[in-house]
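This is what each chain is made of:
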Amino acid sequence: MTSKKRVVITGIGVISPLGNDLKTNWENIKNGISGIDKITRFDVSNFSTKIAGEVKNFSYEGFIDDKDARRMDVFIRYGVVAGSQAVIDAGLENSNIDKDRVGLIIGSGIGGLPLIEEMRDTFKEKGARRISPFFITGSISNMIAGQLSIKYGYMGVNYGIVSACATSNHSIGDAMRYIEYGDCDVMLAGGAESAISELGLGGFIACRAVSARNDDPKTASRPWDRDRDGFVLGEGAAVLVLEEYEHAKKRGAKIYAELVGYGATSDAYHITSPTVEGPSKCMKLAMKNAGINPNEIDYINAHGTSTPVGDLNETNAVKATFGEHAYKLAMSSTKSMTGHLLGATSAIEAVYTIMALNDSILPPTINIFNQDPECDLDYVANTARNKEIKVALSNSFGFGGTNSSLIFKKFEGK
């Protein structure tokens, strides 16, 4: 049996409430800056929640022309810009690579909800003939991968995954396997989301999922705090360039980290209420896939949404998975700063996990004022921590009981 090929990360692109490039994002994460504020995009006077993690000062100039941008929902613009950043960062733009062996798996949990709302209003006010001919192609979830494939001429596999808040981890994990088994040399993988809209916000309020701490947006997302009251809606995109190690080495690419493990499971229990068993099995599968023992995991970038049930459940799942080692590893939630980016969230968190390995800095969980006594692990409370780590795990769990875990390893030059 042929051994699996090694997979490394050679490019990163990111758009988030904390900034529109990798450097700005990582600086703000290290400094514990919150990107959450009052919603500016529409009138929220009739909504009980009035806060979100909006992307600010976003520009697609230089990446998408105006004509094409008008035919895309916002989430596609975010994804195309993040994907383009990743391509440039990896040095692929002018690289002599076989484009038949470059693929893309980039998804979205919800897709073009703002454009769907806009077209519904157009239909009601002006009739069916005024619906844009670009409505469907401007709102469906696989179109980030499609647009980037067209932009760069990449002719390998091309699709999008939709698995709620686990979308990006599934995208990255599936992309990893295309390289491991020799089907592609390079993959672009990640996710994008922009569901901060009237229906998006209203829907999450209706299912009692989001925080209503409107008086102090910066402290609204508080994972593992006793007074947490729900997640904060966020938006953005992140795309990674995954590459077969020898291919990357041959072209002299810089390497951020090695992707060594992927696990995916289902709770098979409830569409919104999690189980301990499903996430625990997911983490164990990722470690088995990586050939790594539980005591080798140094850090977990947690799903950590700031919901009363979810945070406790993840804590218990980590204890069930790691036993006594759960109290020795560090775990933090960067959603305390970005909010919850839904289908984009695990790609954003993969970026922060990779940078933690690179820079030997553990991102903080901000806003832990009164730690929940039932949540008794090391959550890197409030301040980043300097610590060398070699192996890190990133969790994402989604509605429908879908779970995904990735394991990254510090790249040490061989």
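Since we're looking at a predicted model, the values are computed, not measured.

Calculation criteria
Residues numbered from 1 in each chain as written. Predicted model: local features only at pLDDT ≥ 70, side-chain atom pairs only at ≥ 80, totals over all residues. Heavy atoms only, no water. Axes fitted to C-alpha atoms, helices over the stretch in contact; angles between N-to-C directions. Helix = DSSP H or I, 4+ residues; strand = E, 2+ residues; numbered from the N terminus. Parallel < 35°, antiparallel > 145°, perpendicular 65-115°, else oblique. Left-handed = near helix turned anticlockwise from the far one by under 90°. Contact = heavy atoms within 4.5 Å. Nonpolar A, V, L, I, M, F, W, Y, C, P; charged D, E, K, R; others polar. Buried < 20%, exposed > 50% of the residue type's maximum accessible area, 1.4 Å probe, protein only. Pairing = 2+ DSSP bridges. Expected span 1.5 Å × (residues − 1). Core = buried A, V, L, I, M, F, W, Y, C linked by side-chain atoms within 4.5 Å. Polar contact = N/O pair within 3.5 Å; in protein donor to acceptor, adjacent residues only side chain to side chain. Phe/Tyr/Trp six-rings, centres within 6.5 Å; stacked < 30°, edge-to-face > 60°. Lys NZ or Arg CZ within 6 Å of the ring centre and 35° of its normal. Salt bridge = Lys/Arg side-chain N within 4 Å of Asp/Glu carboxyl O. Patch = residues over 30% accessible without salt bridge, like charges linked within 9 Å, V, L, I, M, F, W, Y side chains within 5 Å. Areas by Shrake-Rupley, 256 points an atom, 1.4 Å probe, with all protein chains shown as cover. Lys, Arg positive; Asp, Glu negative; His and termini not counted. Charge placed at Lys NZ, Arg CZ, Asp CG, Glu CD.

Caption draft 1: Molecular detail of the packing of helix α9 (residues 277–290) against helix α10 (residues 308–322). Look at α9 against α10: their axes get within 8 Å of each other, and the N-to-C directions meet at 45 degrees. One way to sum up the angle between α9 and α10 is to call them oblique. Both α9 and α10 take part in a crossing whose hand is right-handed. Residue-level contacts link P279, S280, M283, K284 and M287 of α9 to N313, A317, V318, A320, T321 and F322 of α10. The residue inventory of the contact of α9 with α10, partitioned by class, reads seven nonpolar, three polar and one charged.

Caption draft 2: Layout of the pairing of strand β1 (residues 7–15). A large share of β1 lies buried, amounting to nine of its nine residues. Pairing of β1 with strand β8 (residues 257–266) involves three bridges; the strand directions are antiparallel. The partner of V8 across the bridge, within β8, is E258. Relative to strand β7 (residues 236–244), β1 is paired through eight bridges, and the arrangement is antiparallel. Bridge pairing in β7 places G11 opposite V241.

Caption draft 3: Region of interest: the side chain of T122. For T122, the position within the fold is in helix α4 (residues 113–126). For T122, a relative accessible area of 16% gives the class buried.

Caption draft 4: Representation of helix α12 (residues 345–359) within the structure. The end-to-end C-alpha separation of α12 is 21 Å, in line with the 21 Å expected for 15 residues at 1.5 Å each. α12 sits mainly inside the fold: 13 of its 15 residues count as buried. Two residues or fewer past α12, S360 is found with a positive phi of approximately 55 degrees.

Caption draft 5: Structural view of the nonpolar core. Judged by nonpolar contacts, the single largest core of 47 residues is most densely connected at I9, I12, I172, L240, L242 and L259. With nine residues, α12 is the single largest residue contributor to this core. Sequence-distant contacts of L242, that is, excluding residues within four places in its chain, are made with V7, V8, I9, I172, A175, M176, I179, D185, V186, M187, A189 and L259. Formed by 31 residues, the second largest nonpolar core is a distinct cluster that contains M72, Y78, L92 and I106.

Caption draft 6: Here's a closer look at the environment of D185. Mapped onto the elements of the fold, D185 is located in the loop between α6 (167–180) and β6 (186–193). C-alpha of D185 to C-alpha of E244: the two residues are 59 residues apart in sequence and 5.3 Å apart in space. Setting aside chain neighbours within four positions, we find D185 in contact with R101, I179, L242, E243, E244 and H247. Among the polar contacts made by the side chain of D185, one reaches the side chain of R101 at a distance of 2.9 Å.

Caption draft 7: Summary view of helix α3 (residues 74–89). Taking 1.5 Å of rise per residue, the 16 residues of α3 would be expected to cover 22 Å, and the 22 Å separating its terminal C-alpha atoms lies within 8% of that figure. Along α3, twelve of the 16 residues are buried, which leaves the element largely enclosed by surrounding structure. Of the surrounding elements, those touching the buried residues of α3 are β1, α5 (143–152), β6 and β7. Downstream of α3 by a residue or two, G91 has a phi angle that is positive, lying close to 70 degrees.

Caption draft 8: View of the packing of aromatic side chains. Within this structure, the stated rule accounts for seven aromatic pairs. Note on F204 and F231: the rings are 5.4 Å apart at their centroids and 75 degrees apart in plane angle, and the pair reads as edge-to-face. With F204 in helix α7 (residues 198–206) and F231 in the loop between α7 and β7, the pair connects residues that are 27 residues apart, well separated along the chain. Each member of the pair, F204 together with F231, is buried. For the cation-ring pair, R6 lies above Y245, with the distance from its terminal atom to the ring centre recorded as 4.3 Å.

Caption draft 9: Structural view of the pattern of salt bridges. Per the stated rule, a full pass over the model turns up 17 salt bridges. Taking the shortest distance from any N to any O, the salt bridge between K30 and E27 comes out at 3.0 Å. Taken together, the residues span about one helical turn, with K30 and E27 both in helix α1 (residues 22–30) at a distance of three residues. For K218, the salt bridge is made with D37, and the minimal N-O distance between the two is 3.8 Å. With K218 in the loop between α7 and β7 and D37 in strand β2 (residues 37–38), the pair connects residues that are 181 residues apart, well separated along the chain.

Caption draft 10: Just a negative patch on the surface, in detail. There is a patch of like negative charges on the surface, built from D43, E118, D121, E125 and E198. Tallying contributions element by element places α4 first for the negative patch, with three residues. Mapped onto the elements of the fold, E118 is located in helix α4.

Caption draft 11: Representation of the side chain of T338 in the model. Within the secondary structure, T338 is located in helix α11 (residues 335–338). Note on T338: relative accessible area 1%, which makes it buried. Setting aside anything within four residues of it in sequence, one finds T338 in contact with P17, L18, I29, I36, G53, G234 and Y352.

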